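Spelled out, the chains give:
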Amino acid sequence: MAFVFFDTETTGLHKGFDQIVHFAAIRTDENLGEIDRFEVRSRLNPNIVPTPSALTINGLPVEQLLDKELPSHYEMMRRLESKLRSWSPSIFLGYNSIKFDEEMLRHALFQTLHPAYLTSFHNNGRNDVLSLALAADATGQDAITVPQRDDGTPIFRLAELAAANGISASNAHNAMSDTETTLSLCKQIKQRCPDLWQRFIRFSNKAAVSEFIATEEGFLLTESFRNHAYHTPVAYIGEDPILGNGRLCVDLRLDLNQIAALTTQELHSALSLRPCPVRKIRTNTGPTMTPLWEASASLLEPLCIDALEDRARRVAEDDALKRRLVDVYTNSREPFVEPTHIEEKLHGTFLSDEDNARASQFHTTPWLNRFEIVQTMEDERLREFGTRLIFFEARSCLPKEVISRLDCETAERLIDPDGKPFSLVRCLDEIEKLEAVGINDQKTSELLDALREYIIIRTTKVSAFLETLRPPDSNGRANNG
């Protein structure tokens, strides 16, 4: 099967609210030889405020984000979706992509009325090269050199990892450059440790992940959080009754006899601790799992492999304990809180076949007739996102009352200092904080100066617009409250 390596650059880290502004991908054959490449940028959506910290990292000046010669976000996503669909079936790979780039891509596809789960459907697979790097470090097979901090903990940031392995990454945080770096890292691991590479590819398929978890009596689960790796020897205890792709495992470092002797309330308290003794694995996210016999002994401490295998067999044979752990863990979780913003409502509800057909029809219909299609959609999310697309791309094709509503909502979103979407007010505050810490180079200083100028001008215009909406006072002047 072919591979697609990809990366994104965005206006910030807030999934559903921030925007992809640069996407790059390279398609390879099964031997990682390049077949094709694709790159596209977009200008800023009218309701998006870029995060200063994101721009200082990816080096994107606000002038480029406003360049009218660039395609709109909708036009970019049309090209992107068409290209990736033409490359399917493939295995989609990125660096730290499952937690970030994939989620940003899914939200962007959904909000432009495209199928959100493109990299999971069409017989595609997906995995995260960060998972491969974590697995390489866990096995200690010298597949790659992992740099370390002064305290000896490993560093898994892509730029540092590339440098430690002699891979050029001269333009880090550029989507195409990072894609090339990720591909080079995979070529090295594949050459030095083909067995590790094959297991990584195997785990791009959720059925293979499920099989491994269910049949391997014990294994080392490696998870990352804020660029730190955490290793836990675990054993499978059952499927997640709430999440279809979830598998639950118990930490083998626990004293199982002590756990079995706990009352239900005591066990509930134990499973409410952080990190939780029961680990949830999503089979569709390419988890990092290593058989105990392959794992580095230092990562299994304080227990030896024989003790861990004995405990894994104990778990496998004790159906009552497994059921009890699953039940109490399930009841220990905090109840799901329904999101208030439509941007947060991607997951959980699939579209009907009829709405999928209407979304497809939307893209091929003249703008003048698209609002009529949007109004027939059953799903409120599609109705709102479809209306926004017309507002951004061809606002004159909307009824006047809809234009007025979206003008007002957009202005209030841009000026709100406390809302979830990043606002103009918060942007100015963050610029000041970054400058207070100290700017080390002229390029970053100029980037922030230009961004501040744009934000001030935009704030003035938005404030003036909102002022016109205030009811007049007794003298006929706008009421300032």
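Parameters at a glance
- Residues numbered from 1 in each chain as written.
- Predicted model: local features only at pLDDT ≥ 70, side-chain atom pairs only at ≥ 80, totals over all residues.
- Heavy atoms only, no water.
- Pairing = 2+ DSSP bridges.
- Helix = DSSP H or I, 4+ residues; strand = E, 2+ residues; numbered from the N terminus.
- Axes fitted to C-alpha atoms, helices over the stretch in contact; angles between N-to-C directions.
- Phe/Tyr/Trp six-rings, centres within 6.5 Å; stacked < 30°, edge-to-face > 60°.
- Buried < 20%, exposed > 50% of the residue type's maximum accessible area, 1.4 Å probe, protein only.
- Parallel < 35°, antiparallel > 145°, perpendicular 65-115°, else oblique.
- Contact = heavy atoms within 4.5 Å.
- Nonpolar A, V, L, I, M, F, W, Y, C, P; charged D, E, K, R; others polar.

S.K.: Explanation requested: the sheet that holds strand β5 (residues 125–128) in the structure shown.
M.R.: Hydrogen bonds between backbone groups are what pair the strands of a sheet, and the pairing can be parallel or antiparallel. Read across the open sheet, the five strands follow the order β3-β2-β1-β4-β5; overall the sheet is mixed. Strands with a single pairing partner mark the edges of an open sheet, and in this sheet they are β3 (34–41) and β5. The average undirected angle you get between the axes of adjacent strands in this sheet is 20 degrees. Of the pairings in the sheet, the one linking strand β1 (residues 2–10) to strand β4 (residues 90–94) comprises four bridges and is parallel in character. When the sheet's bridge partners are listed, Phe 5 is paired in β4 with Leu 93.

S.K.: Looking at this structure, how should I read the packing of aromatic side chains?
M.R.: Geometry of an aromatic ring pair is reported as the spacing of the ring centres plus the angle between the planes. One pass over the structure, following the stated rule, counts 14 aromatic pairs. Both rings, one in Trp 197 and one in Phe 200, keep their centres 5.6 Å apart while their planes meet at 45 degrees; by these two values the pair is tilted. Taken together, the positions of Trp 197 and Phe 200, both in helix α8 (residues 194–202) and three residues apart, correspond to about one turn of that helix. Each member of the pair, Trp 197 together with Phe 200, is buried. Ring geometry for Phe 391 and Phe 392: centres 5.9 Å apart, planes at 50 degrees, overall tilted. We classify Phe 392 as partly exposed; its relative accessible area is 22%.

S.K.: What is the right way to read unusual backbone geometry from this model?
M.R.: Negative phi is the rule for most residues except glycine; trans is the rule for most peptide bonds. The linkage connecting Arg 274 with the following residue, Pro 275, adopts the cis geometry, with an omega of 0 degrees. Cis rather than trans, the peptide bond between Glu 301 and Pro 302 has omega equal to 15 degrees. Tracing the sequence through the fold places Pro 302 in the loop between α12 (297–300) and α13 (305–317). In this structure, His 122 is a non-glycine residue whose phi angle is positive, near 60 degrees. Tracing the sequence through the fold places His 122 in the loop between α4 (97–111) and β5. Accessibility expressed as a relative area gives 40% for His 122, which makes it partly exposed.

S.K.: I'm lost on the packing of helix α15 (residues 353–364) against helix α16 (residues 367–375) in this one. Help?
M.R.: To characterise two packed helices, one gives the angle between the axes of the helices and the distance between these axes. The N-to-C vectors of α15 and α16 enclose an angle of 170 degrees; their axes lie 9 Å apart at closest approach. Relative to α16, α15 is oriented roughly antiparallel. On α16, the residues touching Arg 358, Gln 361, Phe 362 and His 363 of α15 are Trp 367, Arg 370, Ile 373 and Val 374. By residue class, the composition of the contact of α15 with α16 is four nonpolar, two polar and two charged.

Functional significance is not addressed by these values, which are geometric in nature.
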